[in-house]
Amino acid sequence: MRVYHFLPRCWAFDDLRRRRLRISNLESLNDPFEFLGFALPDKVMRARVLNWRRQLAQRNGLLCFSRAWSSPLLWSHYGERHRGMCLGFDIPDTLVHSVRYVAARGSAKLLARIDADEAGDIAAEAMQDLLFMKFKGWEYEDEVRAFVRLDRDESGEYFQDFSDELRLRE
């Protein structure tokens, strides 16, 4: 699948020179409701989900892409107000997941699947819903995400090297 990643010029030149992309930290994404796409009226449930997100963020991050490169909103928000760069990558379809955009906070069905796990862990299927769900207002991004492990720390930042599975094409 061909996907696009928008960057400010300074980061783009550095990433091109070093042949890598910065991995997004799960706790500092631009949407403050990321991974909290449903109402959490129960304090215990809210604490479980927030704890899960903190633990997940210690070991994992996201590579975020769009299926399109021509949106003025993408260029404005992620491409340094139309002065940045957009890099096109070929990535195997099996490594990226489409973001599902929703008009309202998650259903009681999702909460029930999370709550039904007696071990206190969030079930894998429910985690997938949380990882790849965003509010409908972000739909212009036409986002796909790769969920990646944080392996190499460079002063608090993590990077994914270009490879056969992250092949720079444009």
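Residues numbered from 1 in each chain as written. Predicted model: local features only at pLDDT ≥ 70, side-chain atom pairs only at ≥ 80, totals over all residues. Heavy atoms only, no water.

(A) A look at the pattern of salt bridges. Tallied over the entire structure, the rule returns 15 salt bridges. Where Arg20 meets Asp14, a salt bridge forms, and the shortest distance between an N and an O atom there is 3.2 Å. Here Arg20 falls in the buried class, since its relative accessible area comes to 5%. Among the ionic pairs, Arg67 bridges to Asp142, the shortest N-O distance being 2.9 Å. Of this pair, Arg67 sits in the loop between strand S4 (60-66) and helix H3 (72-78) while Asp142 sits in the loop between strand S8 (133-135) and strand S9 (143-149), placing them 75 residues apart in sequence. Among the charged side chains, a network of salt bridges with common partners joins Asp14, Asp15, Arg17, Arg18 and Arg20. (Salt bridge = Lys/Arg side-chain N within 4 Å of Asp/Glu carboxyl O. Buried < 20%, exposed > 50% of the residue type's maximum accessible area, 1.4 Å probe, protein only. Helix = DSSP H or I, 4+ residues; strand = E, 2+ residues; numbered from the N terminus.)

(B) Quick peek at the packing of aromatic side chains. Applying the stated criterion across every chain, the model contains three aromatic pairs. With 5.1 Å between their ring centres and 90 degrees between their planes, Phe6 and Trp75 make a pair best called edge-to-face. Pair noted here: Phe6 is in strand S1 (residues 2-7) and Trp75 is in helix H3, with a separation of 69 residues, a long-range link. Trp75 matches Phe6 in its accessibility class, with the two residues each being buried. Ring centres 5.2 Å apart and planes at 70 degrees place the aromatic pair Phe89 and Phe162 in the edge-to-face group. Linking Phe89 in strand S5 (residues 85-90) with Phe162 in the loop between strand S11 (157-161) and strand S12 (167-168), this pair joins segments that are 73 residues apart in sequence. Since its relative accessible area comes to 0%, Phe89 is described here as buried. Among the aromatic residues, those joined into a cluster by ring pairs are Phe65, Phe89 and Phe162. (Phe/Tyr/Trp six-rings, centres within 6.5 Å; stacked < 30°, edge-to-face > 60°.)

(C) A look at helix H1 (residues 9-18). Of the positions making up H1, those classed as buried are Ala12, Asp14 and Asp15. Viewed along the axis of H1, the buried residues span an arc of 165 degrees, placing them on a single side of the element. Pointing more than 90 degrees away from the buried face of H1 are the exposed residues Cys10, Phe13 and Arg17. Those residues of H1 hidden inside the fold are in contact with S1, strand S2 (20-22), S5 and S11. After H1 finishes, the residue Arg19 shows a positive phi value of roughly 55 degrees. (Arc of directions from axis to C-beta. Contact = heavy atoms within 4.5 Å.)

(D) Structural detail: the sheet that holds S11. Across the sheet, three strands lie side by side as S2-S11-S10; this open sheet has antiparallel pairing. Lying at the two open borders of the sheet, with one neighbouring strand each, are S2 and strand S10 (153-154). As paired strands, S2 and S11 are joined by three bridges and run antiparallel to one another. What sits directly across from Arg20, in S11, is Asp161. Running at roughly 140 degrees to S2, H1 makes contact with S2, S10 and S11 of the sheet. (Pairing = 2+ DSSP bridges. Axes fitted to C-alpha atoms, helices over the stretch in contact; angles between N-to-C directions.)

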